[in-house]
Amino acid sequence: MPEINNFTMNFGPQHPSAHGVLRLVLELDGEVIERADPHIGLLHRATEKLAENKTYLQSLPYMDRLDYVSMMCNEHAYCLAVEKLLGVAVPVRAQYIRTLFDEITRVLNHLLWLGAYALDVGAMSVFLYCFREREDLMDVYEAVSGARMHAAYYRPGGVYRDLPAQMPLYQPSPYRNAKRLEELNDNRQGSMLDFIEDFTRRFPTYVDEYETLLTDNRIWKQRTVGIGVVGPERAIQLGFTGPMLRASGVAWDLRRTQPYAAYADLDFEIPVGKTGDCYDRYLVRVAEMRQSNQIIAQCVDWLRKNPGPVITDDFKVAAPPREEMKTSMEALIHHFKLFSEGMTVPAGEVYTAVEAPKGEFGIYMISDGANKPYRMKIRAPGFPHLAAMDEMARGHMIADVVAILSTMDIVFGEIDR
Amino acid sequence: MHDFQNMAWWAILWSLIKIVIVVVPLLLGVAYLTLAERKVIGYMQVRLGPNRVGFKGSLQPIADAIKLMFKEVIIPTNANRFLFLAAPVLAFVPALLVWAAIPFGPGVAISNMNAGLLYVLAIAGLGVYGIIVAGWASNSKYAFLGAMRAAAQLVAYEIAMGFALVGVLMLAQTLNLAKIVEAQAGGGFWSWYWLPLFPFFLVYFISGVAETNRAPFDVAEGESEIVAGFHVEYSGMAFALFFLAEYANMIFVSLLTTVLFLGGWYAPINTPLLTWIPGIVWLLLKTAFLLYVFLWIRATFPRYRYDQIMRLGWKVFIPVTIAWIVIIGVALETPLRAILR
């Protein structure tokens, strides 16, 4: 009798559903997973080590490149850490702008997740619908920071600049006629806040559209209900955070449990799941998009009524205004020192965390009083999620591995760092 | 003797002419079905689809064909060379052979054979060998999984399909496809077989989607799971043959559904205005509509999991068809017989 061996299959690193560069070694019994062994490190860029050789301001853009689908949330955690070490106060308007962009980022992230998830389960159209909405939010990113993804907009002490008074318009081009141009610019006539407000009014109907295609779809339910179940106790033990934890029925959200920025003053709910399967994780994230939309609307409302400074006036931390530099020697010296030597941060160690779209994104920073951090450690939410891959996938089939991997909302920028 | 020889030559020549008349439009149809698919799904997904080659993208299929023809067929090092190259042919040939029995109008067919239904069922079942052989010969784990899935899936759905055809057979009392269509003549769309055989109509069409490995039953390809399944190692013309076979089968399944359940070339309502339109137009219109449904399904639904497809085939379709065969059988012994026939 020949010996029957299990089938070992390499899932990735070049695989349409590997979400980047995951190499998953699957041990298969027929189509059933016996063991799933995730191999990471193919996108390792030594962000933590690089931070030790750069000034505090120079490290900031690296944060965008960690979880490259929730850029500004990463910056937020980093800025909070530096601010805590410095003991600098952030203006209220900056707090609200950060809240606004954190939530825009959450919607951006969840839209990409929903699209990719639906695509992995085989529903192609949702992917393109999600990208249609992402386009508007990307334009908001671009309007405020000049970059559509890697914004580098937050600064220790506030944000780089105030919101633009005019939303950038589409320009005439040989590839679109005047009527189409007018259509595209229709909701961009006012300020950026007008554009965002218009988006918050449209967005709930878009989410309804996605839900029509998926939520009650029999095939969708067959593919997701009861797949990759994690109970509440086990989810806490495994170090789950964010929607992964909330889908298991634990109402843990840093925005509520240890509010930062302006979250304490805003009205929103924390959606919680019941069973902790793929379907619940889908429902939680969709509900979160609706909640984020409400928070965005509240922030827009507040920002309309309350103008003010958006970055601290402590010139040891943030650069003085440009025009002042032309006349004041002191301002010029501040500027020079800040962009050459950088800010010096008092010795100490801090851990700050924000509720990033994927879960708790934390920065642990030790300063020895120099202009560079002595050590920085990044807590990426995706890492413990991916570590649970084996436990979640065991006994399921190959197609379920794709669904489970997708619900984790894996981005290798943050896992490999 | 001389006359006889002449007649034999003429018969062969005439057959060849008929084959060309069917196959050339078929291949053109396949080419433009790919364009239609990309356009239709494109508009469903708020994008444009191909619009650069030719007028509004009308030459895109030609460009694709030229590209595929000039690409190298890469044979993996450890593949079985003979089987690897034979597999696309095995998939493509049955996809063309089935067209021999398809009637395009009263008495218009390459071969108006009496056992047409059996012939079609037999030849269509052969197509799966191409897929299995391709998966095996590629010597790739992804391709192998795809082939296994295809084999299991096609067996399950072939049975359901066969039972659905038995229903048609019971009502029409003939295996000749042209006569099956003629048996549906009479009133209008209410006298076609889709009404008395509604469960069979649904089962047959859904099985047809599954047989052609189209979404949501495309687990043999399963792009997000096993990359491209059985044809993951194929390139160039070898890949193109699989592609052609898949689309030719789509057209075939739609056309056969039209012939068996939607009254073939008959107009939906028996008024002079509609019956004046040639039958072939009706046949092609109905086929085009079913093809559109194929694309519509693809843009709407997520993919089934492999075991769920099996469950649907064995535990839903086969019992439903068997039960309906019994119901039809009993009904034919009652006064309902007059209405059904």
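Not measured: the values here are computed from a predicted model.

Quick notes on the rules
Residues numbered from 1 in each chain as written. Chains lettered and ligands numbered in written order. Predicted model: local features only at pLDDT ≥ 70, side-chain atom pairs only at ≥ 80, totals over all residues. Heavy atoms only, no water. Domains from an automatic or database assignment. Buried area = accessible area lost by both parts, 1.4 Å probe. Salt bridge = Lys/Arg side-chain N within 4 Å of Asp/Glu carboxyl O. Polar contact = N/O pair within 3.5 Å; in protein donor to acceptor, adjacent residues only side chain to side chain. Helix = DSSP H or I, 4+ residues; strand = E, 2+ residues; numbered from the N terminus. Nonpolar A, V, L, I, M, F, W, Y, C, P; charged D, E, K, R; others polar. UniProt positions renumbered as here; feature names shortened; annotations may be inferred. Pairing = 2+ DSSP bridges. Contact = heavy atoms within 4.5 Å. Buried < 20%, exposed > 50% of the residue type's maximum accessible area, 1.4 Å probe, protein only. Axes fitted to C-alpha atoms, helices over the stretch in contact; angles between N-to-C directions. Parallel < 35°, antiparallel > 145°, perpendicular 65-115°, else oblique. Left-handed = near helix turned anticlockwise from the far one by under 90°. pLDDT = per-residue confidence, 0-100.

K.L.:
Help me out: how do you make sense of the domain arrangement of chain B in this one?
P.N.:
Interfaces are frequently sized by the accessible area removed from exposure as the parts join. Residues and elements named next belong to chain B. Structurally, chain B comprises domain 1 (1-70) and domain 2 (81-339). The centre of domain 1, based on its C-alpha atoms, is set 20 Å off from the matching centre of domain 2. Where domain 1 abuts domain 2, roughly 1,800 Å² becomes buried across the two surfaces, and 85% of that area is made up of carbon and sulfur atoms. Linking Glu37 and Arg298 is a salt bridge whose minimum nitrogen-to-oxygen distance equals 2.5 Å. Taken together, the links from domain 1 to domain 2 amount to four residue pairs in polar contact (both at pLDDT 80 or more). Of all the elements in the fold, those that place two or more residues in the side of domain 1 that touches domain 2 are α1 (2-44) and α2 (60-70). The element contributing the most residues to the side of domain 1 that touches domain 2 is α1, with 14 residues. A per-class count over the side of domain 1 that touches domain 2 returns 12 nonpolar, two polar and two charged.

K.L.:
What exactly am I supposed to notice about the UniProt feature "transmembrane region" (unreviewed entry) in chain B here?
P.N.:
All names here are of chain B. UniProt's entry tags residues 12-35, 82-104, 116-138, 150-172, 192-210, 247-267, 273-297 and 309-332 with the feature "transmembrane region" (unreviewed entry), counted in the numbering of this structure. For the annotated span residues 116-138, helix accounts for 96% and strand for 0% of the residues, and the straight-line distance between the end C-alpha atoms is 35 Å. A helix fraction of 88% and a strand fraction of 0% characterise residues 273-297, whose end C-alpha atoms lie 33 Å from each other.

K.L.:
I keep staring at the pairing of strand β2 (residues 23-29) of chain A and nothing clicks. Help me out?
P.N.:
The side chains of a regular strand alternate, residue by residue, between the two faces of the sheet. All names here are of chain A. For strand β1 (residues 7-11) and β2, the ladder comprises five bridges, and the chain directions are antiparallel. Directly across from Asn10, in β2, lies its bridge partner Val25. Alignment of β2 against strand β3 (residues 32-39), held across seven bridges, turns out to be antiparallel. Among the inter-strand pairings, Asp29 is bridged to a residue of β3, identified as Val32. What sits between the antiparallel neighbours β2 and β3 is a turn of two residues, in which Gly30 has the positive phi angle 70°.

K.L.:
Please explain the interface of chain A and chain B as it appears in this structure.
P.N.:
Of the residues lining the interface, 34 residues belong to chain A; the matching set on chain B comes to 26 residues. Interface of chain A and chain B: buried area, both sides summed, is about 2,700 Å²; carbon and sulfur atoms make up 59% of it. A salt bridge links Arg149(B) to Glu31(A); the nearest nitrogen and oxygen atoms lie 2.5 Å apart. Where chain A touches chain B, the interface holds 10 residue pairs in polar contact (both at pLDDT 80 or more). Counting only elements with at least two residues in the side of chain A that touches chain B, the list comes to β1, α4 (92-121), α5 (124-145), α8 (218-224) and α17 (398-407) of chain A. Its residues placed into classes, the side of chain A that touches chain B shows 19 nonpolar, 10 polar and five charged.

K.L.:
Help me understand the pattern of salt bridges in this model?
P.N.:
A pair can form between side chains of opposite charge whenever their charged atoms are brought close. Residue and element names in this part refer to chain A. Using the criterion set out here, one finds 42 salt bridges over all chains in the structure. Two residues, Asp67 and Lys358, come together in a salt bridge whose shortest N-O distance is 3.1 Å. Within this pair, whereas Asp67 is found in the loop between α2 (56-64) and α3 (71-86), its partner Lys358 is found in the loop between β6 (348-356) and β7 (359-367), the two being separated by 291 residues in sequence. Summarising the burial analysis for this pair, Asp67 and Lys358 share the class buried. Here Glu142 makes a salt bridge to Arg148, at a shortest N to O gap of 3.3 Å. A residue is classified by how much of its surface remains accessible, and Glu142, at 36% relative accessible area, is partly exposed. Relative accessible area serves as the criterion here: at 30%, Arg148 is assigned to the partly exposed category. If you follow the salt bridges from partner to partner, you end up with Glu135, Asp136, Asp139, Glu142, Arg148, Arg188, Asp198 and Arg202 in one network.

K.L.:
Help me understand the sheet that holds strand β8 (residues 375-379) of chain A in this model?
P.N.:
Pairing between the strands of a sheet comes from backbone hydrogen bonds, and it takes one of two forms, parallel or antiparallel. All names here are of chain A. Read from one edge of the open sheet, three strands run β6-β7-β8, paired in antiparallel fashion. What marks the edges here is a single partner per strand, and that holds for β6 and β8. Strand-to-strand twist in this sheet, taken as the mean axis angle between neighbours without regard to direction, amounts to 10°. Across nine bridges, the pairing between β6 and β7 is antiparallel. Looking at β7, one finds that Glu349 is bridged to Ile366. Across the sheet, α3 touches β6, β7 and β8, and the angle it forms with β6 is around 150°.

K.L.:
Which parts of the structure should I look at to understand the packing of helix α3 (residues 81-97) of chain B against helix α4 (residues 116-137) of chain B?
P.N.:
Angle between the axes and distance between the axes: these two values describe a pair of packed helices. Residues and elements named next belong to chain B. Two elements in contact, α3 and α4, have axes separated by 8 Å at closest approach and are oriented at 160°. Here α4 runs roughly antiparallel to α3, going by the angle between their axes. Of the two possible hands of crossing, α3 and α4 adopt the one that is left-handed. Counting all contacts with α3, which are made through Leu83, Phe84, Ala87, Leu90, Ala91, Pro94 and Leu97, the residues of α4 involved are Tyr119, Ile123, Leu126, Gly127, Gly130, Val133, Ala134 and Ala137. A breakdown of the residues in the contact of α3 with α4 according to their chemical character gives 13 nonpolar, two polar and no charged.

K.L.:
What am I meant to see in the confidence of the model for chain B here?
P.N.:
One rule of thumb: low pLDDT means the predicted coordinates there are not for detailed reading. Residue and element names in this part refer to chain B. Taken over all residues, the pLDDT of chain B has a mean of 84, while the share at 70 or more is 97%. Within chain B, the element-level pLDDT minimum falls on helix α13 (residues 337-340), averaging 68, and the maximum on α2, averaging 89. At the level of chain-chain contacts, confidence expressed as ipTM amounts to 0.82, with global pTM at 0.87.

K.L.:
Explain the sheet that holds β1(A) to me, please; I cannot follow it from the model alone.
P.N.:
Taken in spatial order, the three strands line up as β1-β2-β3 (chain A) in an open sheet, and their pairing is antiparallel. Among the strands making up the open sheet, the edge pair consists of β1 and β3 of chain A. Strand-to-strand twist across the sheet, computed as the mean angle between neighbouring axes with direction ignored, equals 20°. Of the strands in this sheet, β1 and β2 of chain A are in contact with helix α5 (residues 141-172) of chain B, which crosses β1(A) at around 115°.

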